[in-house]
Amino acid sequence: MDLNHPLNCLTFNLQRASRNLVRGFEAAAKDSGLTAPQFATLSLLAEYGQAQVTQLADLLGTERTTLTRNLDLLARKGWIEEVAAEDARLHLWSLTPLGRERLGAAIPVWQKYQAGLVERLGSTDAEGLLSILSRL
């Protein structure tokens, strides 16, 4: 394989694979009403309890302004809420009971989708891919 050929560009191929994975998950999760970024955001809030916009943006690998728009949408749907912090300058977000319910309904869909991907790749390659992605 010629790694100097433009069609073997790592960025392009990772982006293409990412789009395919997102489309596949969103098709599988259509009935949950969650997009892939919404699922990831709700999952992170479930894991951390409360999180600042900056922290979430770093964990999601997205721009703060994009995330702020996405958080506002999730809040309008009643899935997350802004919570008071000791430092009034901080904007903390957490899941609402409705958000936990929505995420809970989507988890089995994600588990099935994830299991299908692991089956296609094999667990060794899936773990290797996660290892590689964590270095990027």
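In what follows, the structure referred to is the one given above.
Keep in mind that this is a model prediction, so the values were computed, not measured.

### Details of the overall build of the protein chain
In step 1: When you go through the protein chain residue by residue, the secondary structure sums to six helices and three strands.
In step 2: For the protein chain, the sequential pattern of α-helices and β-strands runs α-α-β-α-α-β-β-α-α.
In step 3: Projected onto its principal axes, the C-alpha positions of the protein chain cover 55 × 30 × 25 Å.
In step 4: Looking at the protein chain residue by residue over its 136 residues, the buried ones come to 24%.
In step 5: Positive and negative side-chain charges of the protein chain, numbering 14 and 15 respectively, have mean locations separated by a distance of 7 Å.

### Focus on the nonpolar core
A general trend in soluble globular proteins is that nonpolar side chains are found buried together.
In step 1: Formed by 23 residues in total, the largest nonpolar core has its most connected members in Leu 42, Leu 45, Leu 56, Leu 71 and Ile 80.
In step 2: When residues of this core are traced back to their parent elements, those giving at least two are α2 (36–48), α3 (53–60), α4 (64–76), β3 (92–95) and α5 (97–121).
In step 3: At five residues, α2 tops the list of elements feeding residues into this core.
In step 4: Discounting chain neighbours no more than four positions away, the residues touching Leu 71 are Thr 41, Val 53, Leu 56, Ile 80 and Trp 93.

### Things to note about the environment of Gln 38
In step 1: Mapping Gln 38 onto the fold places it in helix α2.
In step 2: Residue classification places Gln 38 among the buried residues on the basis of a relative accessible area of 10%.
In step 3: Along the backbone, Gln 38 and His 91 are 53 residues apart, and their C-alpha atoms lie at a distance of 18 Å.
In step 4: Ignoring anything within four residues of it in the chain, the contact list for Gln 38 reads Gly 33, Leu 73, Leu 74, Lys 77 and Trp 79.

### A few points about the side chain of Ser 32
In step 1: Mapped onto the elements of the fold, Ser 32 is located in the loop between α1 (10–28) and α2.
In step 2: In this structure the side chain of Ser 32 is engaged in a polar contact, spanning 3.2 Å, whose partner is the backbone nitrogen of Leu 34.
In step 3: Once residues lying within four places of it in the same chain are set aside, the contact partners of Ser 32 are Arg 102 and Ala 106.

### Side note on the environment of Thr 54
In step 1: Inspection of the secondary structure puts Thr 54 in helix α3.
In step 2: Taking the C-alpha atoms as reference points, Thr 54 and Gly 24, 30 residues apart in sequence, are found 28 Å from one another.

### Notes on the packing of aromatic side chains
What characterises a pair of aromatic rings is the spacing of the ring centres plus the angle enclosed by the ring planes.
In step 1: Taken as a whole, this structure holds three aromatic pairs when the rule is applied.
In step 2: Plain terms: the ring middles of Phe 39 and Trp 110 are 6.2 Å apart, the flat faces sit at 25 degrees to each other, and that makes the pair stacked. With Phe 39 in helix α2 and Trp 110 in helix α5, this residue pair connects regions lying 71 residues apart in the sequence.
In step 3: According to the relative accessible area criterion, Phe 39 is buried, its value standing at 9%.
In step 4: In this structure Trp 110 comes out as partly exposed when scored by relative accessible area, which is 31%.
In step 5: Here a set of aromatic residues connected by ring pairs shows up, and it is made of Phe 25, Phe 39, Trp 110 and Tyr 113.

### Brief notes about the sheet that holds strand β2 (residues 80–83)
In step 1: Read from one edge of the open sheet, three strands run β1-β3-β2, paired in antiparallel fashion. Two strands in the sheet have a free side with no partner beyond their single neighbour: β1 (50–52) and β2. Neighbour-to-neighbour, the strand axes of the sheet open up by a mean angle of 35 degrees, direction not taken into account.
In step 2: Here β1 runs beside β3; their pairing, made up of three bridges, is antiparallel. The partner of Gln 52 across the bridge, within β3, is Leu 92.
In step 3: Set on the sheet, α3 makes contact with β1 and β3; between it and β1 the angle comes to about 90 degrees.

Parameters at a glance
- Residue positions are given per chain, counted from 1 along the sequence in the order it is written.
- Thresholds applied to this predicted model are a pLDDT of at least 70 for local features of residues and 80 or more for the giving and counting of side-chain atom pairs; totals over whole chains, interfaces and linings are not thresholded and use all residues.
- Water and hydrogen atoms play no part in the side-chain values, which are based on all heavy atoms of the structure.
- Here a strand is any run of E in DSSP of at least two residues, a helix any run of H or I of at least four, and the numbering for each starts at the N terminus.
- When accessible area is computed with a 1.4 Å probe and restricted to protein chains, residues below 20% of their type maximum are described as buried, those above 50% as exposed, and intermediate ones as partly exposed.
- Two residue types count as positive, namely Lys and Arg, and two as negative, namely Asp and Glu; His and chain ends fall outside the count.
- Where a charge sits is defined by one atom per residue type, namely NZ (Lys), CZ (Arg), CG (Asp) or CD (Glu).
- Residues belong to a common nonpolar core when they are buried Ala, Val, Leu, Ile, Met, Phe, Trp, Tyr or Cys residues joined through side-chain atoms within 4.5 Å.
- Between two residues, a contact is recorded if the distance between any of their heavy atoms is within 4.5 Å.
- The definition of a polar contact used here is a pair of N or O atoms within 3.5 Å, where within protein one atom must be able to donate a hydrogen and the other to accept one, and adjacent residues in sequence count solely through side-chain atom pairs.
- Any pair of Phe, Tyr and Trp rings, taking the six-membered ring for Trp, is counted once the centres come within 6.5 Å. Such a pair is stacked with planes under 30 degrees apart, edge-to-face with planes over 60 apart, and tilted for the rest.
- Here, any two strands with at least 2 DSSP bridges between them count as paired.
- Here the axes come from fitting lines to C-alpha atoms, over the contacting stretch only for helices, and the angles between their N-to-C directions go from 0 to 180 degrees.

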